[in-house]
Amino acid sequence: MLEKIERFQILLLAVVIAIGGIIASGILTGALSKDVISVTGSYSQQVISDSGIFEFEIKSRKATKPEAYAEINKQRPVVIKYLEEQGFSKEEIDIKTSRGYDIYKIMPNGMTTNQIAAFDASQRISVKSKDVQKIKKVATDITNLTSKGIDINVEEPSYFYSKLSDVKVKMLEEATKDAKQRASAMLKATHNKVGKIQSVRMGVFQITPVDSTNVSDMGINDTTTIEKKITSVANVTFRIK
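Residues numbered from 1 in each chain as written. Predicted model: local features only at pLDDT ≥ 70, side-chain atom pairs only at ≥ 80, totals over all residues. Heavy atoms only, no water.

Participant: How should the packing of aromatic side chains be read in this particular structure?
Facilitator: Remark: the centre distance and the inter-plane angle together describe each pair of aromatic rings, the angle taken between the planes. Applying the stated rule across the entire model yields 2 aromatic pairs. With centroids separated by 5.5 Å and ring planes inclined at 55 degrees, the aromatic side chains of Tyr69 and Phe119 adopt a geometry described as tilted. Separated by 50 residues along the polypeptide, Tyr69 in helix H2 (residues 65-85) and Phe119 in strand E5 (residues 112-129) bring together distant segments of the chain. The ring of Phe88 has Lys134 sitting right over it, with the charged end atom 4.7 Å from the ring centre. (Phe/Tyr/Trp six-rings, centres within 6.5 Å; stacked < 30°, edge-to-face > 60°. Helix = DSSP H or I, 4+ residues; strand = E, 2+ residues; numbered from the N terminus. Lys NZ or Arg CZ within 6 Å of the ring centre and 35° of its normal.)

So this is what it looks like as structure tokens:
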């Protein structure tokens, strides 16, 4: 009886090994039958922004609407004179429409009443220039106007690179070359070589600060830094030979 059980176990093991061999063979054949390899390549280069824009707001809170707007009208010439002294031309200075709203009194219990306590007025001003260092300087120094009684609220300047279309083709070419080098390295161990390109899919461009490693499926377009890093991506499928 024991001998029969042992023979059955040996037979069962042989069947399992045979089935495993068939499955492994099928997987290997399926993998090789594709005769392709898909690789992602990338290429990066640094650029310097060639234009910038800086926006800020002058504000006034007074008891009445006329008083608030009068204060804005008083502040605006001082600000424009300051910007012109910093080297900005009238064409580079954009004065937006003034706006304002009522401020209502609040009761001690925190409830807002219908009684007007004051009026807030503001006016947005922006300056733009191809001299990005001039934009950076004014964004840093303009708060000095508070010493002249100017109520000002500043925003971070934005910097742009306008020649992306000029470098796109070259960068995509380099990303494809990188993909080929990666494919060659991967196939070297199998004694295969990279063949012709079967398909190419270009990824989105990532424009980031120089030291950033962030990526996004939607692409990144950094406007916070003057020096930027542009990265192109190419997803390439090669034939194997």
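Now that the structure has been shown, the text picks up again.
Participant: Any chance you could explain the nonpolar core here in plain terms?
Facilitator: Here is a general trend for soluble globular proteins: nonpolar side chains tend to be buried in one another's company. One finds Phe54, Phe56, Val79, Leu83, Val127 and Ile142 to be the most contacted residues of the largest nonpolar core, which totals 24 residues. Only strand E2 (51-62), H2, E5 and helix H3 (132-141) provide two or more residues apiece to this core. With residues near it in sequence (within four places) discarded, Phe56 still touches Val79, Leu83, Gln123, Arg124, Ile125, Ile142, Ile152, Asn153 and Val154. Within the second largest apolar cluster, 10 residues are counted, among which are Ile37, Ala179, Ala183 and Phe238. (Core = buried A, V, L, I, M, F, W, Y, C linked by side-chain atoms within 4.5 Å. Buried < 20%, exposed > 50% of the residue type's maximum accessible area, 1.4 Å probe, protein only. Contact = heavy atoms within 4.5 Å.)

Participant: Explanation requested: a positive patch on the surface in the structure shown.
Facilitator: Where like charges cluster on the molecular surface, the positive patch consists of Lys180, Lys193, Lys196 and Lys241. Relative to the elements of secondary structure, Lys241 occurs in the segment after strand E11 (227-240). (Patch = residues over 30% accessible without salt bridge, like charges linked within 9 Å, V, L, I, M, F, W, Y side chains within 5 Å. Areas by Shrake-Rupley, 256 points an atom, 1.4 Å probe, with all protein chains shown as cover. Salt bridge = Lys/Arg side-chain N within 4 Å of Asp/Glu carboxyl O. Lys, Arg positive; Asp, Glu negative; His and termini not counted. Charge placed at Lys NZ, Arg CZ, Asp CG, Glu CD.)

Participant: Looking at this structure, how should I read a nonpolar patch on the surface?
Facilitator: Taken together, the side chains of Ile197, Val200 and Met202 present a nonpolar region at the surface, about 250 Å² in accessible area. Tracing the backbone shows Met202 in strand E8 (residues 194-202). Take Met202: its relative accessible area is 40%, and that puts it in the partly exposed class.

Participant: How do you make sense of the environment of Lys229 when you look at a structure like this?
Facilitator: Relative to the helices and strands, Lys229 resides in strand E11. Excluding anything up to four places from it in sequence, Lys229 contacts Ser44, Gln45, Gln46, Gln206, Ile207, Thr208, Pro209, Val210 and Ser212. Within the structure, the side chain of Lys229 is placed 2.9 Å from the backbone oxygen of Ser212, a separation counted as a polar contact. (Polar contact = N/O pair within 3.5 Å; in protein donor to acceptor, adjacent residues only side chain to side chain.)

Participant: I tried to follow H3 on my own but got confused; where do I start?
Facilitator: What sets the pattern is the α-helix's 3.6 residues per turn: residues three or four places apart point alike. Of all the positions in H3, only Val132, Lys134, Ile135, Val138 and Ala139 are classed as buried. Down the axis of H3, the buried set is contained in an arc of 155 degrees. They therefore lie on one face. In this fold, the buried residues of H3 make contact with E2, H2, E5 and strand E7 (158-160). Its side-chain oxygen at 3.3 Å from the backbone nitrogen of Gln133, Asp131 defines the N-terminal cap of H3. (Arc of directions from axis to C-beta.)

Participant: Sorry if this is basic, but what is going on with the pattern of salt bridges here?
Facilitator: Side-chain pairs of opposite charge can arise where the charged atoms are in close proximity. One pass over the structure, following the stated rule, counts 12 salt bridges. Of the charged contacts in the structure, one is a salt bridge between Arg124 and Glu55, with a shortest N-O distance of 3.7 Å. Here Arg124 is found in strand E5, whereas its partner Glu55 is found in strand E2, with 69 residues between them in sequence. With a relative accessible area of 22%, Arg124 lands in the partly exposed category. When its relative accessible area of 24% is taken as the criterion, Glu55 is described as partly exposed. The salt bridge involving Arg124 is made with Glu155; its shortest N-O contact spans 2.7 Å. Highlighted residues: Arg124 in strand E5 and Glu155 in the loop between strand E6 (152-154) and E7, separated in sequence by 31 residues. Take Glu155: its relative accessible area is 35%, and that puts it in the partly exposed class. What you see here is one network of salt bridges that share partners, running through Lys170, Glu173, Glu174 and Lys177.

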